[in-house]
Amino acid sequence: MSHVVVLGAGLGGTIMAYEMKQKLRPEDKLTVVTLGTQYSFVPSNPWVAVGWRQPEEIAVDLVPAFKQRGIDLRPEGAKRVEPARNRIELNDGSSIDYDYLIIATGPDLAFDEVPGLGPDAHTQSVCQTTHAVQAKAAFDKLVRTPGPVVVGAVQGASCFGPAYEFAFILDAALRQARVRDRVPMTFVTPEPYIGHLGLDGVGDTKGLIESALRDHHIKWVTNARVTRVEPDKLFAEEVNDDGSLKTTHELPFTFSMLLPAFRGVPAVAGIEGLTNPRGFITIDKHQRNPAFNNIFAIGVCVAIPPVGKTPLAVGVPKTGFMIESMVTATAENIASLLKGSSRRPSQAGTRFVSPTSATTASLSSRSRRFRRATSTGRRRGAGCTPPRSASRSISCARCGRARAKLFTKISCSTCSGSRSSRTFTSNLPNDGGI
Ligand SMILES: Cc1cc2nc3c(=O)[nH]c(=O)nc-3n(C[C@H](O)[C@H](O)[C@H](O)COP(=O)(O)OP(=O)(O)OC[C@H]3O[C@@H](n4cnc5c(N)ncnc54)[C@H](O)[C@@H]3O)c2cc1C
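The notes below deal with the structure included here. (Residues numbered from 1 in each chain as written. Predicted model: local features only at pLDDT ≥ 70, side-chain atom pairs only at ≥ 80, totals over all residues.)

As for helix α5 (residues 160-176)
Our working rule: For helices the rule is a DSSP run of H or I covering at least 4 residues; for strands it is a run of E covering at least 2, with both sets numbered from the N terminus onward. To estimate the expected span of a helix, subtract one from its residue number and multiply by 1.5 Å. The exposure label follows from counting other C-beta atoms within 10 Å of a residue's C-beta, where the C-beta atoms are placed from the backbone and the thresholds are 20 or more for buried and 12 or fewer for exposed, leaving partly exposed in between.
With 17 residues, α5 extends 25 Å from end C-alpha to end C-alpha; this agrees with the ideal 24 Å at 1.5 Å per step. The element α5 is extensively covered by neighbouring structure, given that 14 of its 17 residues are classed as buried. Arg178 sits one or two positions beyond α5 and adopts a positive phi of about 60 degrees.

Okay, here's the thing in structure tokens:
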């Protein structure tokens, strides 16, 4: 019998628990340690912030969901992981032992790195649902007393998609409230150019997003280092490509939402061999920590190096699709180890999987299933059976219906809106799904 523990039940940890459970032997045990008993769908937070969703509409009670699947839930949260003892100390003083640990603790939000930043100070956030609820109150105030808006991300951030998404959501919500003409909007970002996204652009994201910002009358400042925020004013330094100071900006605002830099959560930060200096879990291509071979990590908590040099720190985003691939690779690899092999991934006999190979395998099996479905005339209409993984996590881009039956590359059975499997890797404005 082996005890597998998943730490963190967010987007990655929850699907990790489901997928891992399917791979375990009957005698194995699976426990999820998380903070509280609710799962909240982070990508829908921007909708909560303008009132397009209520918090309860994007939350799931994990108690019945896990019970139904035979997964133990420990909602106390982890105080400290102790890898040398294969143990986690929980916040209530108790502890839990594990044979395999999968860390999925997401980000710690580094608001403290910029004076005046964050929902406890002067700017709003959509990183957590409670923040989005607070942002909604500020949004309502903005509608009552319109004034300038500053949206964006600060230096060291790695999640630019939601910042752009929120700018466009805010634009639409302010139009609906008929006050947009009294709200000058500015997008502030450490990216060297609009649409860099921490990936040095994806296709023509520079041109496309610049054009969309212009169309929506949103100005921007790139290469921006936010130095401090006062109750109604943001101070930023714009730097040149060599990092030297180009100019300074003082941007007054009535409402501001800025994404912070991320770092690893305190329960894992600073553990030698486990984390990098920022507290992110170091992993090999099999999602496994090189120092502690029974620890794997998935999601935002893993260390991924930047794609290239930029004047200001700009991190690589970890999107839902990437996280799904990490989950599949981890489930396969732990299942492989449980099948009796303690060999290293590179040794013969153990089929170790990396997220890339997991993605390729799962995409090719999805496309096989899709081909089967289309060739038997089941492409659309009642009684169609979409691939499970596609229907599980995406919503239709046109009608927004979550969990609508979708084929991987074709259409929503409700409205026939199309959505390719690749589009849900990025943050599509107003779609609320991944
Ligand atoms: C506003 C926003 C919108 C996004 N939109 C999209 C999108 O549209 N498409 C997309 O692909 N990606 C999107 N992302 C990126 C990414 O998909 C999400 O951030 C996703 O939630 C990351 O999943 P995760 O499991 O790594 O972290 P999280 O979902 O943040 O989950 C971490 C979990 O760990 C728990 N935890 C933390 N500390 C402890 C502890 N000490 N003990 C126990 N549990 C702990 C937390 O409570 C939480 O439940 C978005 C991100 C943000 C911030």
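Quick look at the site of the ligand
Under the convention used in this document: A molecule or strand has a residue near it when that residue's C-beta atom, placed from backbone coordinates, lies within 6 Å of it. Here the nonpolar group is Ala, Val, Leu, Ile, Met, Phe, Trp, Tyr, Cys and Pro; Asp, Glu, Lys and Arg are the charged ones; every other residue, Gly included, is treated as polar. Domains are outlined according to an automatic or database domain assignment.
Looking at the ligand, there are 34 residues lining it, with Gly8, Gly10, Gly12, Gly106 and Gly299 nearest. Listing elements by their share of the shell around the ligand, those giving two or more residues are α1 (11-23), α2 (45-49) and α7 (320-338). For the shell around the ligand, the class distribution of residues is 21 nonpolar, 13 polar and no charged. Residues from two domains meet in the shell around the ligand; each of domain 1 (3-104 + 264-338) and domain 2 (111-260) gives at least three.

Considerations on the sheet that holds strand β6 (residues 78-82)
Formally: Any two strands with at least two DSSP bridges between them are considered paired. A fitted line through C-alpha atoms serves as each axis, taken over the contacting stretch for helices, and the angle formed by two N-to-C directions is quoted from 0 to 180°.
Sheet architecture is open: three strands sit in the order β6-β7-β8, paired in antiparallel fashion. The open sheet has two edge strands, β6 and β8 (95-97), and neither has a second partner. Across the sheet, the mean angle from the axis of one strand to that of its neighbour is 20 degrees, orientation sign disregarded. Bridge count between β6 and strand β7 (residues 87-90): four bridges; the pairing is antiparallel. Of the residues in β7, the one forming a bridge with Glu82 is Arg87.

As for the pairing of strand β2 (residues 29-33)
This is how it is decided: Seen with its strands pointing away from the viewer, a crossover is right-handed if its path from the first strand over the helix to the second goes clockwise.
Where strand β1 (residues 3-7) and β2 come together, five bridges link them in parallel fashion. Bridge pairing in β2 places Leu7 opposite Val33. Handedness of the crossover is the feature at issue here: the chain leaves β1, passes through α1, returns alongside β2, and the resulting connection is right-handed. Pairing analysis gives three bridges linking β2 to strand β5 (residues 72-74), with the strands arranged parallel. Paired with Thr31 across the bridge in β5 is Asp72.

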